[in-house]
Amino acid sequence: MTTLTETPHPGGFLVWEAFRDYTRETITVATGTLEPGTVLGRITASGKYAAHDPTAIDGTETAVAVLWGKADASDGDALAVAVVRGPAIVNRHDLVFAGTPSEGEIAAAHTALIAAGILVR
């Protein structure tokens with residue numbers, strides 16, 4: 001029997017948002033193939049976004065947004081939509097983190113998202 005695997009759906013992480021035209025923006029993803037719900041950091045030098053990396057020193061060490069839908073920037077910059085400000089509530093179990101961050105790093109990312117008005121529940 002064939003096993004089917006369901007991947008994250010665009011916006012599937014979102015529990016509530018005040019007004020989508022306020023909380024979401026079109027952004028530029030600089031690198032990688034990212035799934036919906038990926039926690040993002042903003043590269044200080046370019047203003048582009050990439051997967052949150054708590055060990056980085058380029059700006060992506062601070063979580064600032066959550067990717068709405070899939071983005072493929074493997075061949076260069078890609079436009080995508082992200083929740084970049086609140087008020088919004090997201091399901092912590094549906095957030096995607098690159099690599100294998102520790103529980104402390106995940107908690108710090110949640111705190112950083114709260115600073116942007118994105119409440120993690």
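Everything below is about the structure printed above this text.
What counts, and at which threshold
Residues numbered from 1 in each chain as written. Predicted model: local features only at pLDDT ≥ 70, side-chain atom pairs only at ≥ 80, totals over all residues. Heavy atoms only, no water. Helix = DSSP H or I, 4+ residues; strand = E, 2+ residues; numbered from the N terminus. Rg over C-alpha atoms; globule rule 2.2 N^0.38 Å. Buried < 20%, exposed > 50% of the residue type's maximum accessible area, 1.4 Å probe, protein only. Contact = heavy atoms within 4.5 Å. Areas by Shrake-Rupley, 256 points an atom, 1.4 Å probe, with all protein chains shown as cover. Lys, Arg positive; Asp, Glu negative; His and termini not counted. Charge placed at Lys NZ, Arg CZ, Asp CG, Glu CD. Expected span 1.5 Å × (residues − 1). Polar contact = N/O pair within 3.5 Å; in protein donor to acceptor, adjacent residues only side chain to side chain.

Draft legend 1. Representation of the overall build of the chain. From N to C terminus, the chain includes two helices and ten strands. Sequence-ordered secondary structure for the chain, helices as α and strands as β, is β-α-β-β-β-β-β-β-β-β-α-β. Computed over the C-alpha atoms, the radius of gyration of the chain is 14 Å, within 12% of the 14 Å expected from 2.2 N^0.38 for a compact globule of 121 residues. Projected onto the principal axes, the alpha-carbon positions of the chain cover approximately 50 × 35 × 30 Å. Counting over 121 residues, the chain shows a buried share of 39%. Pairs at least 24 apart in sequence give 66% of the contacts found in the chain among residues at least 6 apart. Accessible area of the chain: about 6,800 Å², with a carbon and sulfur share of 53%. A gap of 8 Å separates the mean positions of the 8 positive and 14 negative side-chain charges of the chain.

Draft legend 2. View of the environment of Gly 117. Tracing the backbone through its elements, the reader meets Gly 117 in the loop between helix H2 (103-115) and strand E10 (118-120). Contact partners of Gly 117, with chain neighbours within four places excluded, come to Gly 86, Pro 87 and Ala 88.

Draft legend 3. Just H2, in detail. With 13 residues, H2 extends 19 Å between its outermost C-alpha atoms, agreeing within 8% with the 18 Å of an ideal straight helix rising 1.5 Å per residue. Summarising the contacts, the buried residues of H2 are in contact with strand E4 (39-42), strand E6 (63-67) and E10.

Draft legend 4. Highlighting the side chain of His 110. Counting through the fold element by element, His 110 comes out in helix H2. When residues no more than four places from it in sequence are discounted, the contact partners of His 110 are Arg 92, Leu 95, Phe 97 and Val 120.

Draft legend 5. Local environment of the side chain of Glu 17. Tracing the backbone shows Glu 17 in strand E1 (residues 14-17). For Glu 17, a relative accessible area of 13% gives the class buried. Side chain to side chain, Glu 17 and Thr 23 meet in a polar contact 2.4 Å long. Reaching out from Glu 17, the side chain makes a polar contact with the side chain of Arg 24 at a distance of 2.3 Å. Excluding anything up to four places from it in sequence, Glu 17 contacts Thr 23, Arg 24, Pro 87 and Ala 88.

Don't take any of this as a statement about function, it's just geometry.
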